[in-house]
Each structure stands twice: as structure tokens, then as C-alpha cells.
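What follows is each chain in one-letter form.
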Amino acid sequence: MEQEIRQSKAELYELLLRYIHSKQAEKDLLEGDDLSMDLLRNSITTLGERLREVENKLAATEKLLKLSQESYSSLVGEIQDYGIITLDPDGNILTWNKGAERIKGYTAQEITGKNFRMFYTPAARAECIPEKLLSTAIQDGRVQNEDYRVHKDGTLFWSSVTITALRNNEGELTGFIKITRDLTERKQMEDQTQLYLRKLEVENRELEQFTYIASHDMQEPLRSISTLVELVATEYTGKLDETADNYLRFIRQSSNRMSDLIKALLDYSRIGNVKQKEAVDCNQIILTVVDDLRTAIHESKAQVIMENLPIVHAYPIELKLLFQNLLSNAIKFRQQDVPPVIRITCVKREHEYEFMFSDNGIGIAPRYQEKVFEIFQRLHNKLQYEGTGIGLAHCKKIVSLHGGEIWLTSTPGVGSQFYFTISA
């Protein structure tokens, strides 16, 4: 619109100048040529009308633009969740909304005209962070930054800032618009979470170390007890009465069970100590486990059916222990006079593999289906089924180590299905 006005004015002035400096103007003035003068007047009138028309359009456009700017300023001014301010090219504050007042504590009257550097910590100002942000915004168009800022009362708050460079139609820098969010609560939650995780990691490491040392130290006196029991049993079995023989048998069984528990604790404390994952062929792992359990499989007449399993990125030793525990449990907790049938399958989900170990064993009642994954939890008398009550706790820890979950469905007298996931 301004271009049209400038063009019309230029055409009018050029026409007048050409006429004034022409010989025809002198001739018309001397001869009083009315026709030429009428032509000039008409041309000037036409150009004048064009100029007035363009000026009227410009005035109307400016009025609409002013109304639009007032509406925008009013809208921005009322926003409370975001601090929205405009800066001149040197970083001095031009406008200030209610969100900026809420976040930073200053009113518009207090802050307008001051430089935005005052919101930065002394350390940030010493490193020229405000100037660097403006420079990056000029170069790239916009810049984002998260760091501590200074409130009016001197306290610090964690903010997310976006600064965008503003330019006119000619590409000249006219200033900046700066949008600020107060993320102090989120930052505090993140810091607390990180602190909790570090504390938990230290406590877990100390607990695992204590478990290992305690278990290791308990083995030595237990070996002495076991050796003495064996010597007494060898020397006196059949020479004493039946009650004494039963006592010796109970002591031997108890010492053996204690040895198994200590070994299980040691194994549990070692899970996850090796932190290097690698590509593991689950088919090969299952074949190795089946070979290790060949005696139990033969004696129980178990049938292990395995579908084509994937290659996963996992901890190989821990994954083998997971498969072995699930497979040995399926063999151990079988129905009387019913050969176990164990099916091992896997389904690829969006971001993980879902494995299933299905059996036709004795099953687990619903009220115990969460309890079985806790350490030292037994559902059966040790005379019915041997074990330490730690196998499924091993499984849960191993699955958690791989970022997955483990659960089961089961019907007593029909069988169980154990499911677990491993990240793809």
C-alpha cells in the first residue's frame, strides 16, 4: 500500500517537473493555450484522485492493523502460564505480559526499558550467555535454552526459554520475542528422582555385597557341620536306636537344605553383575538347558515343544538361568502319573518379545499367583517338592534386568502359563 502511494506521488511530481521545464510550458504561458492547460489540470486531477484513493485504503488498512495489534497485545497480555516479552535489537524490554509478571515478579512499569540480562545469574552473565543466545537467534532464527533464572526476590527458578528474531520486510532485525516457562516443579521432581535412583543403586549394591559376603562366610561353618554329621552318620548309623538315626537324618537333610539356600542367595546376588549385553539365540539356549536337564526330562518322560525363537539382545548367562528355572519348574510341579508337556513360544510385539512357557502341571491357585515371585516363598511342603523357594524370584529379577515384566495365568489341576517380555 505504501509502495502504491509513493509511486502515485512520484508520477505526479515527474509530470509536473517535465511540464514546468519544457518549452511547451513557456509557449503555453505566453500564448495562453487553454487546451494544454486543461490537459495538465485533468492529469493532475486524475493523479490526485488516485493518490487520495490509495491514501484512504492505507488509512483503512492501518486502522485494521491497529485493531489487530491491540487484540493481539490484549490476548498476549492476559496469558499467565507463559512469560511473553518483546525486546529491541539490544535486548532491552519493550513489552511485558501478565505471565512474565507472574514468573519473574516484576510489573511492566518496573521492567520496561531495562535489559533482559538482569534475569540471568552472575555466572551466566560472566559467560555472556544472554549475548550468545541473541547471537544464535539472529543467525538461526530462534534459539532454545533451559537453565536457572533470577526472580525479582533473588530466588532462582528453572526456566525454558525460546527467543525468536523479528525482522521487517527488508530483512532488517527489528527485535526479538522471548517466551519463558517456569519448569521449577518439573526440575525438582527430576532431581529428586535422580537422587532417589542414585541412593537406591547404592543401597542395592551394598545389599548385594552384604548378601554375597554373608552367604560366603556362612558356607565355612556349614561345611564343618556337614562333615561332622557325615562322620557321625558313618560311624554310628545302625549302632544307636531308631530315634538317634532319625535325628541324624534330619540334621543331614537340614544342612543340605541350608547349603542349597546359601548357594541360591549367592546366585541371586550375582544376577546382573555382568553389564554387557550381546546377541543371544534363544533356540540354542533352550537346547543347552534341555541337555542340562536331560536326566529330569528322561525320568519324568517330559516332552518339550519349542517353536522357532528369536535372537535377542540380552545377558546370556542370566537368560539361560531364566529359561532353566521355568523349564525345571514345569517338570518338577507335574501331576502325578501325567508326563509333562511344556510348550515354549514367542510373539513379536511392537517394541518387545513376549515369551510363554506353558505346561500341563498341577497349576497355581489365584491367591498365590503374585506370591510365587517373592523370594523364599514356597507353596508346597518341602517333602512333596524339593527346592529353595527362590527360583521364580530369580526369574523376576532377570526379567526386570532386561526391562521386561513377568506374570502368569494358571488353573489348578490343568496347568500354568508363564509369560515374560524382553525388549526387542
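Before going into details, it helps to say that this report is about the structure given with it. All values reported here derive from a predicted model rather than from experimental measurement. (Residues numbered from 1 in each chain as written. Predicted model: local features only at pLDDT ≥ 70, side-chain atom pairs only at ≥ 80, totals over all residues. Heavy atoms only, no water.)

**Topic: the packing of helix H12 (residues 316-332) against helix H13 (residues 391-401)**
Helix packing for two helices is described by the angle between their axes and how far apart those axes are. Put simply, H12 and H13 touch, their axes get as near as 9 Å, and they point 145° apart. The interaxial crossing formed by H12 with H13 has left-handed handedness. Between H12 and H13, the contacting residues are Glu 318, Leu 319, Leu 321, Leu 322, Asn 325, Leu 326 and Asn 329 on the first element and Gly 391, Leu 392, His 394, Cys 395, Ile 398, Val 399 and Leu 401 on the second. The residue inventory of the contact of H12 with H13, partitioned by class, reads nine nonpolar, four polar and one charged. (Axes fitted to C-alpha atoms, helices over the stretch in contact; angles between N-to-C directions. Helix = DSSP H or I, 4+ residues; strand = E, 2+ residues; numbered from the N terminus. Left-handed = near helix turned anticlockwise from the far one by under 90°. Contact = heavy atoms within 4.5 Å. Nonpolar A, V, L, I, M, F, W, Y, C, P; charged D, E, K, R; others polar.)

**Comments concerning the pattern of salt bridges**
According to the stated counting rule, one finds eight salt bridges in the structure shown. The salt bridge partner of Asp 191 is Lys 187, with a shortest N-O separation of 3.6 Å. Here Asp 191 pairs with Lys 187, and both are found in helix H8 (residues 184-236), just four residues apart, close to one helical turn. Of the residues examined, Asp 191 reaches a relative accessible area of 35% and is grouped as partly exposed. A relative accessible area of 18% places Lys 187 in the buried class. In this structure, Glu 354 engages Arg 349 in a salt bridge whose closest nitrogen and oxygen atoms are separated by 3.3 Å. Judged by relative accessible area, Glu 354 falls into the buried class, the value being 17%. Overlapping salt bridges, with partners in common, bring together Glu 146, Arg 186 and Glu 190 in one network. (Salt bridge = Lys/Arg side-chain N within 4 Å of Asp/Glu carboxyl O. Buried < 20%, exposed > 50% of the residue type's maximum accessible area, 1.4 Å probe, protein only.)

**Topic: the sheet that holds strand E4 (residues 156-167)**
In a beta sheet, neighbouring strands are held together by backbone hydrogen bonds and run either parallel or antiparallel to one another. Pairing in this open sheet of five strands is antiparallel, and the strands run E2-E1-E5-E4-E3 from one edge to the other. At either end of the open sheet lies a strand with only one pairing partner, and these are strand E2 (93-96) and strand E3 (142-150). Averaged over all pairs of adjacent strands, the angle between their axes in this sheet comes to 25°, without regard to strand direction. In this sheet, E4 lies alongside E3 in antiparallel orientation, the contact comprising nine bridges. Residue Tyr 148 lies in a different strand from E4, and its bridge partner there is Trp 158. Running over the sheet, helix H7 (residues 129-140) touches strand E1 (83-87), E3, E4 and strand E5 (173-182) and is turned about 165° from E3. (Pairing = 2+ DSSP bridges.)

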